[in-house]
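# Residue-level structural notes
The residues making up each chain are set out below.
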Amino acid sequence: MTAFPSITKRWIPKLTALLAGLTVASTVLAAPLKIGVVPGVFADSVEVAAKEARKQGLDVQVIEFSDWATPNIALDAGDIDLNYYQNSNYLANAVRSKGFKLTSVQAGILSYLGLYSSKYNSLADLPNGAKVAIASDPVNVGRGLRLLQHAGLITLRPDTGLLGTQADIVSNPKKLQFVEVEGPQLVRVTPDVDLAQGFPYFIIASKAFDAHKGLAYTSYEDDSWAIQFVARSDKTNDPRIAQFLTIYKNSEAVRSSIQAFYLNDQKLYRLAWLKK
């Protein structure tokens, strides 16, 4: 009889700690998972996965942003739990330049970059002095310039890195004139220039013109250009994130929604989480 009080005293702190841990875990699982996206296929496919997640008891809130700066600011501040709009090269530059403590937790869609014109049917038709719109952020300036080089329009210095700029152009036979525009706005300025760097997912979402009629694409790029699911570095083990990502990458409905968005045109995208 005298042993029971001793056992009780010994186990009460452990039981209290266990119950506290269960309460915290329950609270984490019960809280809605907030995911920041940009409009188009990323928002659409995440919403499809969110519907499946809700059926499994995981509440997911999909929050759309119209620019490329705010989603990382919101994630770093803890206002959202994940974002899905940037490739790993863009993320690395944001972490380096802004000091964000953010980490990629899964690769998603690799949406290729394209060159588009509403005035000309081929790159060979571009006149001397043609006006070319490219993205204004450091990573996508470099990406766009490499595409122009791959298309044979310019030549960059051999040692040009990912953050190449117009200063790295060593040959510009057609004397192209460059206009830098914020990435999401490129689709709007395409009719006003001779050639524009374009992101198919923005073009398709806007229905401004046919994203399938690009004059060149970045289908040669590696998976570092795939759009990533990104979390705060101290939240990568959040069980809600793991549950959602499992749903997203294994869902046939998600894959079907992505295929439908791109009209099953494989020159526009690739699913980076699948083996080639």
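To be clear, the structure that these remarks concern was listed above.
### Points about the side chain of Asp81
The residue Asp81 is located in the loop between α3 (70–77) and β3 (82–87) in this model. A polar contact is formed between the side chain of Asp81 and the backbone nitrogen of Lys34, at a distance of 2.7 Å. For Asp81, the side chain forms a polar contact with the side chain of Arg240, separated by 3.4 Å.

### Describing the sheet that holds strand β13 (residues 227–232)
Strand order in this open sheet of 5 strands is β2-β1-β3-β13-β4, and the pairing throughout is mixed. Each having just a single partner strand, β2 (60–64) and β4 (102–107) make up the two edges of the open sheet. Pairwise comparison of adjacent strand axes, ignoring direction, gives a mean angle of 35° for this sheet. Bridging between strand β1 (residues 33–37) and β3 involves 3 bridges; their strand directions are parallel. Residue pairing across strands places Val37 opposite Tyr84, the latter belonging to β3. This element, α3, spans β3, β4 and β13 of the sheet and lies at about 140° to β3.

### A look at helix α8 (residues 239–250)
Counting along an α-helix, one turn takes 3.6 residues, and residues three or four places apart therefore face a common direction. With 12 residues, α8 should cover 16 Å at 1.5 Å per step; its first-to-last C-alpha distance of 17 Å lies within 8% of that length. What α8 keeps buried is the set Arg240, Ile241, Phe244, Leu245, Ile247 and Tyr248. Axial view of α8: buried residues confined to an arc of 160°, hence all on one face.

### Some remarks on the layout of surface pockets
Left-over empty space is what a probe sized like a water molecule reveals as it rolls over the atoms. Of the voids in this model, the largest pocket is the one considered here, and its volume is about 290 Å³. Lining the largest pocket are 17 residues, and of these Trp68, Ala69, Tyr90, Ala94 and Lys98 sit closest to its centre. Breaking the lining of the largest pocket down by element, the ones donating at least two residues are α3, α4 (88–98) and α5 (138–150). Considering each element in turn, the lining of the largest pocket owes the most residues, 5 residues, to α4. A per-class count over the lining of the largest pocket returns 9 nonpolar, 5 polar and 3 charged. For the second largest pocket, the calculated volume is near 210 Å³. At the level of secondary structure, the elements contributing two or more residues to the lining of the second largest pocket comprise α6 (186–189) and α7 (200–206).

### Topic: the pairing of β3
The buried count for β3 comes to 6 of 6 residues, which makes it a mostly enclosed element. Pairing of β3 with β13, which is carried by 4 bridges, proceeds in the antiparallel orientation. Residue pairing in the sheet places Asn87 in a bridge with Ile227 of β13.

### Concerning the sheet that holds strand β6 (residues 114–116)
The strand order across the open sheet formed by 5 strands is β10-β7-β11-β6-β12, and the pairing between neighbours is mixed. Here the strands that pair on one side only, and so sit at the sheet edges, are β10 (177–181) and β12 (216–217). By the bridge criterion, 2 bridges tie strand β7 (residues 131–135) to strand β11 (residues 195–198) in an arrangement that is parallel. Within β11, the residue paired with Val132 across the bridge is Leu195.

### Some points on unusual backbone geometry
If you check the backbone angles, Lys175 has positive phi at about 55° while not being a glycine. The topology assignment puts Lys175 in the loop between β9 (169–171) and β10. A positive phi angle is found at Asn264, which is not glycine, with a value near 55°. Structurally, Asn264 is set in the loop between α9 (252–261) and β14 (269–271).

The rules behind the values
- Residues numbered from 1 in each chain as written.
- Predicted model: local features only at pLDDT ≥ 70, side-chain atom pairs only at ≥ 80, totals over all residues.
- Heavy atoms only, no water.
- Helix = DSSP H or I, 4+ residues; strand = E, 2+ residues; numbered from the N terminus.
- Polar contact = N/O pair within 3.5 Å; in protein donor to acceptor, adjacent residues only side chain to side chain.
- Pairing = 2+ DSSP bridges.
- Axes fitted to C-alpha atoms, helices over the stretch in contact; angles between N-to-C directions.
- Contact = heavy atoms within 4.5 Å.
- Expected span 1.5 Å × (residues − 1).
- Buried < 20%, exposed > 50% of the residue type's maximum accessible area, 1.4 Å probe, protein only.
- Arc of directions from axis to C-beta.
- 1 Å grid on protein atoms, 1.4 Å probe; cavity = no way out; pocket = protein on both sides within 12 Å on 5 of 7 lines; lining within 4 Å.
- Points joined across faces, edges and corners; volume = space filled by probe spheres on them.
- Nonpolar A, V, L, I, M, F, W, Y, C, P; charged D, E, K, R; others polar.

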